[in-house]
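Residues per chain, in single letters:
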Amino acid sequence: MPDHRIFNERPECQDRLISFLQKLGYTYVSRSEAEQKRGSLSKVIFTDELIRFLSKQTYKYKGYELLFSGESISRAVNALDASLLQGLSLASKEIYNLLTLGISLEENVVIDDDVPVKQSFDLSYIDFEHPANNIWQVTEEFSVERPNGQYARPDVVLMVNGIPLAVIECKKSSVDVKEGILQNVRNMMPDYIPGLFKYTQIVMAMNPNKALYGTCGTTADYFVEWREDDIEWQNEICKNCSPDGKILEQDRISASMFDKKRFLSLIHDFILYDNNIKKIARHQQFFAVNKAMERINANDDNEAKGGVIWHTQGSGKSLTMVMLVKKIQSEKAKECPRFVIVTDRINLDKQIRDNFANSQMNPVRAATGKGLKAILKDKGNLVITTLI
């Protein structure tokens, strides 16, 4: 790694972070090599890495396992570059859906001398089930060209399959982390580098003693700390990855959020769009949902089938419900789960219904007991809200 000690954040925070991430399994890509991979400073994807990941995937047809055509791979790469004409939020949402759901591509299938058959098959940008199958890289001093021809340069960027999924601003211990947050928020603006942030799922600012995170579009006041529930797991990672044997707060959040399995889980299950505002789970929402899933799957050594999630006022209870439903639907899709949400206040029922509606889950409200029975008969009603 080149010596950049002219930047006083580097030896204390940035170099430490990169060293930690390398021990977590990320491959370091130097600034000059990253710029070669990108082709120009107006581009932010490592296209060769993305093509390499996509080209390994296959589809099955009549017992044959076939590779996607070069034309399909090119269409998948181009589709990921969502337009910013309607704003960062909508571009980010389009990309998020592609990252988590994949893309359906039409192939001309020819088996032996048969007549070509056109059929669509799914291609994934990320392998969420098998983290090791992805290409994990970290780079730094990521200069991106602004519309006015000048440049903005985030400190550290995490790339998965050539896609920039995390952006981190590093500060020395004497500098308030809020300074890094303000840089991130500024860099998302239309006259800066939204073309980078439309891909970004975790946005962070840190110094050795503190770290705050959000996602694309998070305003400065809503960046939050992460408090780990599984301290033993976190400590084990920190001991294995610490550059000097010490464990600093920046190490703790790096372990908690950028461990490969955890990072992909946060992206896949704990990001949602609430009325087109992108939101990422706070720590209490993440652990509440996962604890609930352990109970649902009978993996918590408890015979009880139900349970209680306790949140304080303003801590995001309604969005926790949305995230839990989202995760149940993802893990148990074959069982076609349905959800009835019962509250005791009209305004709370409306709030919860609005949260589900804003997250594209199409809730149906039952105003009476008779109405609830009728709604339940229609298997197409997956999320139902009602009052006691």
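Here, the structure is the one placed above.
Please read these numbers as outputs of a predicted model, since none were measured by experiment. (Residues numbered from 1 in each chain as written. Predicted model: local features only at pLDDT ≥ 70, side-chain atom pairs only at ≥ 80, totals over all residues. Heavy atoms only, no water.)

### Some words on the pattern of salt bridges
What the rule picks out here adds up to 19 salt bridges. As a salt-bridge pair, K37 and E49 come within 2.7 Å of each other at their nearest N and O atoms. Of this pair, K37 sits in helix α2 (residues 31-38) while E49 sits in helix α3 (residues 47-55), and the two are twelve residues apart along the sequence. The residue R153 makes a salt bridge to E141 at a minimum N-O spacing of 3.0 Å. Placement of R153 in the loop between β8 (151-152) and β9 (156-160) and of E141 in the loop between β6 (136-140) and β7 (144-145) is noted, with a sequence separation of twelve residues between them. Residue classification places R153 among the partly exposed positions, given a relative accessible area of 33%. Residue class for E141 comes out buried when judged on its relative accessible area of 4%. Put simply, R16, D244 and D251 are held in one network by salt bridges that share partners. (Salt bridge = Lys/Arg side-chain N within 4 Å of Asp/Glu carboxyl O. Helix = DSSP H or I, 4+ residues; strand = E, 2+ residues; numbered from the N terminus. Buried < 20%, exposed > 50% of the residue type's maximum accessible area, 1.4 Å probe, protein only.)

### Quick word on the sheet that holds strand β17 (residues 383-387)
One open sheet accounts for three strands, arranged β15-β17-β16; its pairing is parallel. The two strands at the open ends of the sheet, each matched to only one other strand, are β15 (339-343) and β16 (364-366). Averaged over all adjacent pairs, the angle separating strand axes in this sheet is 25°, with direction ignored. Pairing of β16 with β17 involves three bridges; the strand directions are parallel. Within β17, the position partnered with R365 by the bridge is T385. Packing of helix α13 (residues 346-358) onto the sheet brings it into contact with β15, β16 and β17, and relative to β17 it is tilted by some 170°. (Pairing = 2+ DSSP bridges. Axes fitted to C-alpha atoms, helices over the stretch in contact; angles between N-to-C directions. Contact = heavy atoms within 4.5 Å.)

### Side note on the sheet that holds β6
On the basis of which strands lie adjacent, the open sheet formed by six strands has the order β1-β6-β9-β10-β11-β12 and mixed pairing. Bordering the open sheet on either side are β1 (27-29) and β12 (210-214), each of which pairs with just one other strand. In this sheet, neighbouring strand axes are inclined to one another by 25° on average, regardless of whether the strands run parallel or antiparallel. Here five bridges tie strand β10 (residues 163-170) to strand β11 (residues 202-207), and the two strands are oriented parallel to one another. When the bridges of β11 are listed, V167 appears paired with V203. Contacting β9, β10, β11 and β12, helix α9 (residues 249-258) runs over the sheet at an angle of about 165° to β11.

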